[in-house]
Amino acid sequence: MNDLHYYDQLYDLMKRSGHFVMSHFRRDIVIMNKGFYSIVTNVDLENERFLVEELRKIKPEAGFITEESPVVSQEQTEYTWVIDPLDGTKNFIKGIPHL
């Protein structure tokens, strides 16, 4: 099956996700410790929740592997979304832009 019909929906979703992340760049960041030498921000957590919620609307039967949350879906499915809601959290916190 050709899944290219999802392209426009996914493109729009990624743009909205990116706008959300950048709206917090160098401001309104809450930093939390998530383990040994590992940190997470409110932006990571909020963006991950947003992505899971919106991706469920696009492909409800798909599973998820998420970086920040406990396993969202353990079921074996044909499709699985792998989500890293903010790649480069440490640089984001320091205000270093990704070029």
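Residues numbered from 1 in each chain as written. Predicted model: local features only at pLDDT ≥ 70, side-chain atom pairs only at ≥ 80, totals over all residues. Heavy atoms only, no water.

Caption draft 1: Up close: the overall build of the protein chain. If you tally the helices and strands in the protein chain, you get three helices and four strands. Expressed as lengths along the three principal axes of its C-alpha atoms, the size of the protein chain is roughly 45 × 30 × 20 Å. When the accessible area of the protein chain is evaluated, it comes to approximately 7100 Å², of which 56% is carbon and sulfur surface. (Helix = DSSP H or I, 4+ residues; strand = E, 2+ residues; numbered from the N terminus. Areas by Shrake-Rupley, 256 points an atom, 1.4 Å probe, with all protein chains shown as cover.)

Caption draft 2: Molecular detail of helix H1 (residues 7-23). Between its first and last C-alpha atoms H1 spans 24 Å; for 17 residues at 1.5 Å apiece the expected length is 24 Å, and the two agree. Looking at H1, one finds that the buried residues are Leu13, Ser17 and Val21. On an axial view of H1, the arc spanned by its buried residues comes to 70°, and they lie on one face. Those residues of H1 that are exposed and aimed more than 90 degrees away from the buried face are Tyr7, Asp8 and His19. (Expected span 1.5 Å × (residues − 1). Buried < 20%, exposed > 50% of the residue type's maximum accessible area, 1.4 Å probe, protein only. Arc of directions from axis to C-beta.)

Caption draft 3: Expanded view of the packing of H1 against helix H2 (residues 42-58). Running from amino to carboxyl end, H1 crosses H2 at an angle of 165°, the nearest separation of the two axes being 10 Å. Judged by the inter-axis angle, H1 sits roughly antiparallel to H2. Where H1 crosses over H2, the handedness of that crossing is right-handed. In this structure, H1 uses Gln9, Leu10, Leu13, Met14, Arg16, Ser17, Phe20 and Val21 to contact H2, whose residues at the interface are Val43, Glu46, Asn47, Phe50, Leu51, Glu54, Leu55 and Ile58. Each residue belonging to the contact of H1 with H2 can be placed in one class, and the counts come to ten nonpolar, three polar and three charged. (Axes fitted to C-alpha atoms, helices over the stretch in contact; angles between N-to-C directions. Parallel < 35°, antiparallel > 145°, perpendicular 65-115°, else oblique. Left-handed = near helix turned anticlockwise from the far one by under 90°. Contact = heavy atoms within 4.5 Å. Nonpolar A, V, L, I, M, F, W, Y, C, P; charged D, E, K, R; others polar.)

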